[in-house]
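# Architecture at a glance
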Amino acid sequence: MPPVLITGGAGFIGSHLAERLHADGARVTVLDDLSTGREANLAALRGHDGFRFVRGDASDAALLAALMPRGALVFHLAAPVGLHRVLEAPDRVLAEGVATMAAVLDAAARAGARVVLASSSEVYGKPERVPFREDDDLRPGPPSRGRWAYALMKAAKEAMALARHRRGEIEAVVIRFFNVVGPRQTGRYGMVVPRFIARAQRGLPLLVHGDGQQTRTFLHVLDAVEAVVRLAAHPNAAGEIFNVGGEEEISIRTLAGRVIAANSSSSPIHFLPYADAYPAGYEDVLRRVPDIGKVKRLTGWRPRRPLPLSTAELTVPAAHGGAES
Ligand SMILES: NC(=O)c1ccc[n+]([C@@H]2O[C@H](COP(=O)([O-])OP(=O)(O)OC[C@H]3O[C@@H](n4cnc5c(N)ncnc54)[C@H](O)[C@@H]3O)[C@@H](O)[C@H]2O)c1
């Protein structure tokens, strides 16, 4: 297996990916500035042969060059995440995302590395029909609404990676994650499942935005990691975009009810008008459902694990097995 560099590897998805790749026998380097990630997420790997953590910025060209050996496999997960951050400073989110992508691609081109980019379902914007397919037109709202900066940033990153791929400078695989959930995810940046669970545990009202009829799918982080590992290794994945998400479309109202039940909580559900939850001009996406046929057909992957919705399911250390059939 080639040596691996994971930018953003101290985060939620990245730390699980690091554990999995290390268990599979890869030499794994994590580069993370700990802006939203935590070194504690990598506790299971600390001190192990073939693993190192480097605190630093994924737009630092010299650092990237030093950490990317020839023929490396690079997972670029580092990104400014969280809706609150995007609404606060959309310009900074855009600039940071693009700068980081450019630096990673430059270094990868010099090292002959393959780059797997973590993109997002956000790039689809607000299409009129579901499920979303990889070759659909993207329909983000106007740039005057800061809310769309994250989508624009991720779409720009995709375009940058795929352009370098087409010129033969690197091999790039783009993965659009839909909501991923599991141990180590934090609710601090607006992620709905950990926020609901934390409030259900304390008997506090679960705050559902709008009427709660908006729908999402959710995918267990270990299922997401399995898809990433398969796509990273597949020769025909290069130059392609893949949706990676769950299959069950579930409304946020229903999700709240399930979290309350899973935690045997007596929390009520409160509905919070969007105007109270977000700055003026916020737009939500009413239905967000991936078509995951492409990754299934190419790799045989499919989601297998039930959603972790209780504290017990989220605090149990993730059982990292090997590859699945
Ligand atoms: N979790 C999801 O449901 C989801 C959905 C869609 C897309 N994604 C994407 O997947 C990736 C991982 O997301 P996550 O949920 O694990 O979030 P996360 O915040 O836990 O992970 C992101 C990591 O990147 C690090 N980071 C940010 N900027 C950096 C920089 N300039 N240099 C070095 N490190 C930096 C953070 O400290 C953090 O550890 C992100 O690119 C995110 O946009 C996640």
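Residues numbered from 1 in each chain as written. Predicted model: local features only at pLDDT ≥ 70, side-chain atom pairs only at ≥ 80, totals over all residues.

Helix and strand counts for the chain come out as 11 helices and 13 strands. What you see for the chain is a C-alpha radius of gyration of 19 Å, in line with the 20 Å of a compact globule of 325 residues. Its C-alpha atoms give the chain principal-axis dimensions of about 55 × 40 × 35 Å. Every one of the 325 residues in the chain was classed for burial, and the buried ones make up 45%. (Helix = DSSP H or I, 4+ residues; strand = E, 2+ residues; numbered from the N terminus. Rg over C-alpha atoms; globule rule 2.2 N^0.38 Å. Buried ≥ 20, exposed ≤ 12 C-beta atoms within 10 Å, placed from the backbone.)

Ordered by their spatial adjacency, 7 strands build an open sheet running S3-S2-S1-S4-S5-S6-S11, and the pairing between neighbours is parallel. Of all the strands in the sheet, just strand S3 (51-55) and strand S11 (240-244) have a single pairing partner and so form its edges. The sheet shows a mean angle of 20 degrees between the axes of neighbouring strands, direction not considered. As judged from the 7 bridges shared by strand S5 (residues 114-120) and strand S6 (residues 171-177), these two strands associate in the parallel manner. From the neighbouring strand, Arg-114 faces S6, where its bridge partner is Glu-171. The strands touched by helix H7 (residues 221-233) within the sheet are strand S4 (73-76), S5, S6 and S11, with S6 carrying the most contacts at an inclination of about 160 degrees. (Pairing = 2+ DSSP bridges. Axes fitted to C-alpha atoms, helices over the stretch in contact; angles between N-to-C directions. Contact = placed C-beta atoms within 7 Å.)

On to helix H6 (residues 192-201), then. Counted residue by residue, H6 has 7 buried out of 10 residues, so it is predominantly covered. Those residues of H6 lying buried are Val-192, Val-193, Pro-194, Phe-196, Ile-197, Arg-199 and Ala-200. Just beyond H6, the residue with positive phi is Gly-203, at close to 75 degrees.

This next bit is on the site of the ligand. Taken together, 28 residues form the shell around the ligand, and within it Gly-8, Gly-11, Gly-37, Ala-78 and Ala-79 come nearest. Listed by contribution, the elements that provide at least two residues to the shell around the ligand are helix H1 (12-23), strand S2 (28-32) and S5. Classifying every residue of the shell around the ligand by side-chain character gives 14 nonpolar, 11 polar and 3 charged. (Near = placed C-beta within 6 Å. Nonpolar A, V, L, I, M, F, W, Y, C, P; charged D, E, K, R; others polar.)

The alternating pattern of strand S8 (residues 206-209) places Leu-206 and Val-208 on a buried face and Leu-207 and His-209 on a face that is not buried. Both S8 and strand S13 (residues 269-272) contribute to a ladder of 4 bridges, which runs parallel. Its bridge partner lying in S13, Leu-207 is registered against His-270.

Function cannot be inferred from these measures alone, as they are strictly geometric.
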